[in-house]
Amino acid sequence: MTEPARAAAGGTLRNSGTRRPALSPSRASDFKQCPLLYRFRAVDRLPETPTKAQVRGTVVHSVLERLFGLPTGERDPAQARALLNPAWQDLLAQQPELGELFDGPDDPELAGWLESANTLLDAYFELEDPRRLEPEACELRVETELASGVLLRGFIDRVDVAPTGEIRLVDYKTGAAPREIGEAKAMFQMKFYALVLWRTRGEIPRQLLLMYLASKQSLAYTPDETELRRFERTLEAIWQAILRAGKTGDFRPNPSRLCDYCDHKALCPAFGGTPPPYPGWPEPDPGPESVLDRTD
């Protein structure tokens, strides 16, 4: 990852040769949920401990990406299962600390965990037949600058383009279909990608598709120009609020029931904790998505 750049409150870099400040869907959602959580993740960059479910989500995403790299006729459940262990081993090589989730390779929980990932992969094949698809891209990194100067970055699980040119954005979720709050968060992410693609290619995606593997359900949505323009203004307002907080260090907590799942609850003033000293305003570069960004 590049060295964090120092930026003024208006977003102008103070030194050259570094990436500009950017907003990702995960960090935008963090700020909407709790400004202090955004600070802990994007400014302080405090470590977080992924759960087995979160890591499983990352592995399943990797398998599906590899599956579409195979010839069309080979994209079957048996091949997906064969790709699972290599994907897990590659992730371990990149992040050896994830091995601490289990008591070695002979841990019976590891075998059960891998089988639960296979169950999700089997569920995927009940939702669609990958042999009938030829995606334009998988794990596509996208970036665009809005007219206001806000830079957006993110990663799209899959981009499908029909022979007639219509675009579909697909996102895999390894959890069950969520209730209202979770669904709104997932659709926020998809609208973010739709906006980036529209501003990059000049075409609004025809469909946004969320595939919930655990519950074998899909959620499809069709965005329109009016809605994406409104969403663009929302992102610009979020970014301006982030810059104001970054200038003063005033990232306030927003307590909710989600606090019970926060790794940083002990540091939160809302629960009697004390945040670390504010380090100043660095570049809140989203960088590569972490395992936590795959949380459903």
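Structural data are supplied above this passage.
Report on the accompanying structure. These numbers were taken from a predicted model, which means no experiment stands behind them.

Considerations on the sheet that holds strand β1 (residues 137–145)
Thought 1: With respect to topology, five strands assemble into an open sheet ordered β1-β2-β3-β4-β5, the strand pairing being mixed. Every interior strand has two partners, whereas the edge strands, β1 and β5 (217–221), have only one. Looking at each pair of strands side by side, their axes are set apart by 40° on average, direction ignored.
Thought 2: With four bridges joining them, strand β2 (residues 151–161) and strand β3 (residues 167–173) adopt antiparallel strand pairing. Residue Val-161 lies in a different strand from β3, and its bridge partner there is Ile-167.
Thought 3: The sheet strands contacting helix α5 (residues 108–127) are β2, β3, β4 (207–212) and β5, and the helix crosses β4 at an angle near 140°.

With respect to the environment of Arg-56
Thought 1: Mapped onto the elements, Arg-56 comes out in helix α3 (residues 52–67).
Thought 2: Taking C-alpha positions, Arg-56 is 8.6 Å from Trp-88, a pair spaced 32 residues apart along the chain.
Thought 3: Arg-56 has contacts with Trp-113, Ser-116, Ala-117 and Leu-120, leaving out every residue within four places of it along the chain.
Thought 4: A polar contact is formed between the side chain of Arg-56 and the side chain of Ser-116, at a distance of 3.0 Å.

Notes on helix α4 (residues 77–94)
Thought 1: With 18 residues, α4 extends 26 Å between its outermost C-alpha atoms, agreeing within 8% with the 26 Å of an ideal straight helix rising 1.5 Å per residue.
Thought 2: At Leu-84, α4 shows its maximal bend, which comes to roughly 25°, and the proline Pro-86 appears one to four places after that position.
Thought 3: Against α3 and α5 lie the buried residues of α4.

Definitions and cut-offs
Residues numbered from 1 in each chain as written. Predicted model: local features only at pLDDT ≥ 70, side-chain atom pairs only at ≥ 80, totals over all residues. Heavy atoms only, no water. Pairing = 2+ DSSP bridges. Helix = DSSP H or I, 4+ residues; strand = E, 2+ residues; numbered from the N terminus. Axes fitted to C-alpha atoms, helices over the stretch in contact; angles between N-to-C directions. Contact = heavy atoms within 4.5 Å. Polar contact = N/O pair within 3.5 Å; in protein donor to acceptor, adjacent residues only side chain to side chain. Expected span 1.5 Å × (residues − 1). Bend = angle between axes of the 7 residues up to and from the residue.

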